[in-house]
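So the chains spell out like this:
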Amino acid sequence: MDASSPSSDAGRELGELRRRAYGPHADIQADPAALARLTELETARTASPPEGTDTELDEPAAAADSAPAADFAGTVSGTDRPDTAAGIAPAMASREGSPRSFWHRITATRVRRSWFMAAALVAFLALAYAVEWLIGPHPDATLHPLADEADGVVFSMLDVLGADVDRSSLRGYEPYRGVEPWFAVDRQGLQCFMIIDRSGPTVDGANCVPPGVDLFADIGAWPLLGDDSMEGLPGGSIIRFHYRGDSVDAFLYPASGAG
């Protein structure tokens, strides 16, 4: 059979496609047309040859002109030849399921990279808050806003402080050990915080800061001075009220070495 015959051309084409499919630098999975052609040739190769044909597609009669093709066919013919559909598809699935392939898919476009970075940032912040909660101090009480509006006692304490606040911004929180935290915004836009003891009445721990700065008020416990609201606490103990916006955290720090 002449080397330029269709059978010889098909044999060489099949050999080249097999190298692209099974060789050390296989790349046929990225070429759908070549993959379809390989399947077509493999199907024709395994079909019964026409009567009178004594050569196969990849084994031309002219041995001298087709030795490389024959050698290659000998390595993949018969029972040793991998099935095209069974061999290429699992390899492609393996590559698609690899960590490298997964990373490529989630970072393939700018939008995906942006979403990935946003998700990573959220996960990092969640982890940081979880660690902070686990190892950081926990409040002894969390106080929530009161539905009641400010009354005369609150206004009189503002007068004592000489505070010029927007009275519509006044917000009170649940009492803790007999005292009440109150929040307001003054005419300059500062956020103000104070602790009111209605038994006096007295005001303590007043503090004003710009927005965005931690806002808290500290009051001391002095039972020997008749501070009944701090009964049971060692003298010099501190209660810190930390303003959180929708709540106030109360931290109790008993004085050490005192009875």
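Numbering of residues starts from 1 in each chain and follows the order in which that chain's sequence is written. Residues qualify for local features only when their pLDDT is at least 70, as the model is predicted, and side-chain atom pairs are given and counted only at 80 or more; totals for whole chains, interfaces and linings, by contrast, use all residues. Side-chain measures here rest on the full set of heavy atoms in the structure, leaving out hydrogens and waters.

1. Things to note about the environment of Glu174
- Think of it this way: any DSSP run of H or I at least four residues long counts as a helix, any run of E at least two long counts as a strand, and we number them from the N terminus. With respect to the secondary-structure elements, Glu174 resides in the loop between strand S2 (165–172) and strand S3 (180–186).
- Contact between two residues is taken to exist if any of their heavy atoms lie within 4.5 Å; hydrogens are not considered. With residues near it in sequence (within four places) discarded, Glu174 still touches Thr142, Leu143, His144, Leu146, Val179 and Pro181.
- At 2.9 Å, the side chain of Glu174 and the backbone nitrogen of His144 are in polar contact. Distance and chemistry together define a polar contact, namely a pair of N or O atoms within 3.5 Å, with one atom able to donate a hydrogen and the other to accept it when in protein, and with adjacent residues in sequence counting only for side-chain atoms on both sides.

2. Some thoughts on the side chain of His242
- Tracing the chain through its elements places His242 in strand S7 (residues 237–243).
- The residues contacting His242, other than those within four sequence positions of it, are Asp214, Leu215, Phe216, Ser247, Val248, Asp249 and Phe251.

3. Let's talk about the state of the cysteines
- Cysteine sulfur atoms that pair up within 2.5 Å are treated as a disulfide. Under the defined criterion, the tally for this structure stands at one disulfide.
- Paired through a disulfide, Cys192 and Cys208 show a sulfur-sulfur distance of 2.0 Å. One disulfide, between Cys192 and Cys208, carries an S-S torsion of 110° and so falls in the right-handed class. Pair noted here: Cys192 is in strand S4 (residues 191–197) and Cys208 is in strand S5 (residues 202–209), with a separation of 16 residues, a long-range link.

4. Some remarks on the sheet that holds strand S6 (residues 216–221)
- Strand pairing follows a simple DSSP-based rule, namely that at least 2 bridges must link the two strands. Taken in spatial order, the four strands make up an open sheet running S1-S8-S7-S6, and their pairing is antiparallel. Each edge of the sheet is formed by a strand with only one pairing partner; in this case those strands are strand S1 (141–143) and S6. For this sheet, the mean angle separating the axes of adjacent strands, direction not counted, is 20°.
- The pairing of S1 with strand S8 (residues 248–253) spans three bridges and is classified as antiparallel. Across the sheet, the residue bridging to Ala141 is Ala250, located in S8. To define axes, lines are fitted to C-alpha atoms, for helices over the stretch in contact only, and angles between the resulting N-to-C directions are given on a 0 to 180 degree scale.

5. Comments concerning the confidence of the model for the protein
- Confidence scores labelled pLDDT are given residue by residue by the predictor and lie between 0 and 100. Across the protein, the average pLDDT comes to 77, with 67% of residues at 70 or higher.
- The model gives residues 54–79 a pLDDT under 50, and that stretch makes 34 contacts with residues more than four places away or in other chains.

6. Description of the environment of Thr43
- Turning to its location among the elements, Thr43 is positioned in helix H2 (residues 32–46).
- Per-residue accessibility, obtained with a 1.4 Å probe over protein chains only, is compared with the maximum for each type, and a residue is labelled buried under 20%, exposed over 50%, and partly exposed between these values. By relative accessible area, Thr43 is classed as partly exposed at 48%.
- From its side chain, Thr43 meets the backbone oxygen of Thr39 in a polar contact 2.8 Å long.

7. A few points about the packing of aromatic side chains
- Think of it this way: a Phe, Tyr or Trp ring, Trp meaning its six-membered ring, pairs with another when their centres are within 6.5 Å, and the plane angle makes it stacked under 30 degrees, edge-to-face over 60, tilted otherwise. Scanning all chains against the criterion turns up five aromatic pairs.
- Seen from their ring centres, Tyr173 and Tyr243 are 6.3 Å apart, and the 80° between their planes marks the pair as edge-to-face. A residue pair is termed long-range when its members are at least 10 positions apart, and Tyr173 in the loop between S2 and S3 and Tyr243 in strand S7 qualify at 70 residues. Taken as a pair, Tyr173 and Tyr243 share a single burial class, namely buried.
- Relative to Phe241, the ring of Tyr176 lies with its centre 6.1 Å away and its plane at 80°, an arrangement referred to as edge-to-face. With Tyr176 in the loop between S2 and S3 and Phe241 in strand S7, the pair connects residues that are 65 residues apart, well separated along the chain.
- Accessibility expressed as a relative area gives 13% for Tyr176, which makes it buried.
- The exposure class of Phe241 is buried, given its relative accessible area of 0%.
- A cation over a ring is seen here: Arg167 above Phe155, with NZ or CZ 4.2 Å from the ring centre.
- Consider the ring centre and the ring normal. A charge sits over the ring if Lys NZ or Arg CZ is within 6 Å of that centre and within 35 degrees of that normal. In this structure, Arg240 packs its charged tip against the face of Phe216, placed 4.1 Å from the ring centre.

8. Considerations on the side chain of Ser247
- Tracing the chain through its elements places Ser247 in the loop between S7 and S8.
- With relative accessibility at 10%, the residue Ser247 sits in the buried group.
- Look past the residues within four positions of Ser247 in its chain and what remains in contact with it is Thr142, Leu143, His144, Tyr173 and His242.

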